[in-house]
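# Chains, contacts and geometry: an overview
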Amino acid sequence: MNCISIFQHYKTLTNELQPIYGKNEATAMARLIIERVTGDEITKIFANPDLILTPEQQSLVRYYLSQLKLQKPIQYILGTTNFFGIELQVNQNVLIPRPETEELVSWIIESNKIGSPSILDLGAGSGCIAISLAKHITHAHVFAIDISEKAIKVAQQNAASAGVDITLAQANMLAPPAQIQGSPFDIIVSNPPYVRESEKQYMQPNVLNNEPSLALFVGDNDPLIFYEAIAKLAASNLKNNGLVYCEINEALGEETASIFTTANFTDITIKNDINGKQRMIRARKG
Ligand code: GLN
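Described in the following lines is the structure provided in the data block.

Cut-off values and rules
- Residues numbered from 1 in each chain as written.
- Predicted model: local features only at pLDDT ≥ 70, side-chain atom pairs only at ≥ 80, totals over all residues.
- Heavy atoms only, no water.
- Helix = DSSP H or I, 4+ residues; strand = E, 2+ residues; numbered from the N terminus.
- Buried < 20%, exposed > 50% of the residue type's maximum accessible area, 1.4 Å probe, protein only.
- Lys, Arg positive; Asp, Glu negative; His and termini not counted.
- Salt bridge = Lys/Arg side-chain N within 4 Å of Asp/Glu carboxyl O.
- Contact = heavy atoms within 4.5 Å.
- Pairing = 2+ DSSP bridges.
- Core = buried A, V, L, I, M, F, W, Y, C linked by side-chain atoms within 4.5 Å.
- Axes fitted to C-alpha atoms, helices over the stretch in contact; angles between N-to-C directions.
- Left-handed = near helix turned anticlockwise from the far one by under 90°.
- Nonpolar A, V, L, I, M, F, W, Y, C, P; charged D, E, K, R; others polar.

Further remarks concern the side chain of D121. Within the fold, D121 resides in strand β3 (residues 118–122). Here D121 sits buried without a salt bridge, and the closest side chain of opposite charge, R98, lies 15 Å off (N-O distance). Once you skip the residues sitting within four places of it in the chain, D121 turns out to touch I129, A130, F143, A144, I145, V189 and S190.

Shown next as structure tokens:
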């Protein structure tokens, strides 16, 4: 019988992952795997270092390790991630929510002064923005679209398990459906595709090989196509004084701002992310 302790499995995982991911990430991954397999917090494992895994749990550990060695993102392997304190399901049809997007959500929540605002999210993906806003802004009415039917399914499941009531629809923000038009919103938010094809060379292979290109990339000849569509949509579907918030390409802050200036928006603010990169924009209608 194999009596390797859970703690020993944790150490082996860390050691095997370290050459690929470095010490910090390897430790974090080992912890996530052990917590998933045992259903216990790692602190509990550390407190009982002699506990052992069942054969089924051991084979699960081996499976997760083999997937990580193939450089698959751990969020897709485990099928979940945490965003703004909310457990979300993710698969290869949706982008893995980024900490920068949590910053965008915080900015919206902190700035909001409207009771029961109506909010539109363009390009919902996993639903991370729409769901966290619905959860943290009291009585918000959230409507979200995504071009991908498969992403909408993920977002629907996530909304249901987070216990929020939001409306999700499959639609292309470049050709917005009648449903959106004529229903003025207080807030429009979007994290559209913004990575230029030429910037692929700077991206990690685990992103390039696993995350949906549809959610990430834009052509070099028209990199702000989505912001032009968002500005147009916001100009006609925001209430007066309504706000549009977007995540942006750090290299295109000024160009993105000028789209909103040209569309007659005011109070245009670019905000840096935690890494000091221009990552978010906010503009006011009227
Ligand atoms: N920040 C993401 C990345 O670098 C891109 C998100 C997006 O295109 N909206 O992978």
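Right, let's get into the pairing of strand β6 (residues 185–190). Buried residues dominate β6, accounting for six of its six residues. For β3 and β6, the ladder comprises four bridges, and the chain directions are parallel. Counterpart to L122 in the pairing with β6 is S190. Note that β6 and strand β9 (residues 238–247) share five bridges and pair parallel. Its bridge partner lying in β9, V189 is registered against Y245.

Bringing the nonpolar core into the picture now. Core analysis: the biggest nonpolar cluster contains 36 residues, and L122, V244 and F260 have the highest contact counts within it. Among the secondary structure elements, those contributing two or more residues to this core are β3, β4 (141–146), β6, β8 (217–218), α11 (225–237), β9, α12 (253–262) and β11 (278–285). Sort the elements by how many residues they give to this core and α11 lands first, with six residues. For F260, the residues in contact, after removing those within four places along its chain, are Y227, I230, A231, V244, C246, F265, I268, I281 and A283. By size, the runner-up hydrophobic cluster in this structure holds 31 residues, among which are A124, V142, A162 and Y245.

Right, let's talk about the packing of helix α6 (residues 99–111) against helix α7 (residues 128–136) for a bit. A pair of packed helices can be characterised by two numbers: the angle between their axes and the separation between those axes. Interaxial distance between α6 and α7 falls to 10 Å at its minimum, and their mutual angle equals 35°. The element α6 and its partner α7 pack so that their crossing is right-handed. Across from T101, L104, V105, I108 and I109 in α6, the residues of α7 making contact are C128, I129, S132, L133 and H136. A breakdown of the residues in the contact of α6 with α7 according to their chemical character gives seven nonpolar, three polar and no charged.

Under the definition given, this model contains eleven salt bridges. Across the pair R98 and E211 runs a salt bridge whose closest N-O atoms are separated by 3.1 Å. Here E211 lies in the loop between α9 (205–208) and α10 (213–216) and R98 lies in the loop between β2 (86–89) and α6, a separation of 113 residues in the sequence. Using a relative accessible area of 22% as the deciding quantity, one classes R98 as partly exposed. A salt bridge links K239 to D186; the nearest nitrogen and oxygen atoms lie 3.2 Å apart. In this pair, K239 sits in strand β9 while D186 sits in strand β6, placing the two residues 53 residues apart along the sequence. Relative accessible area serves as the criterion here: at 9%, D186 is assigned to the buried category. Several salt bridges share partner residues, and in doing so they unite E250, D273, K277 and R279 into one network.

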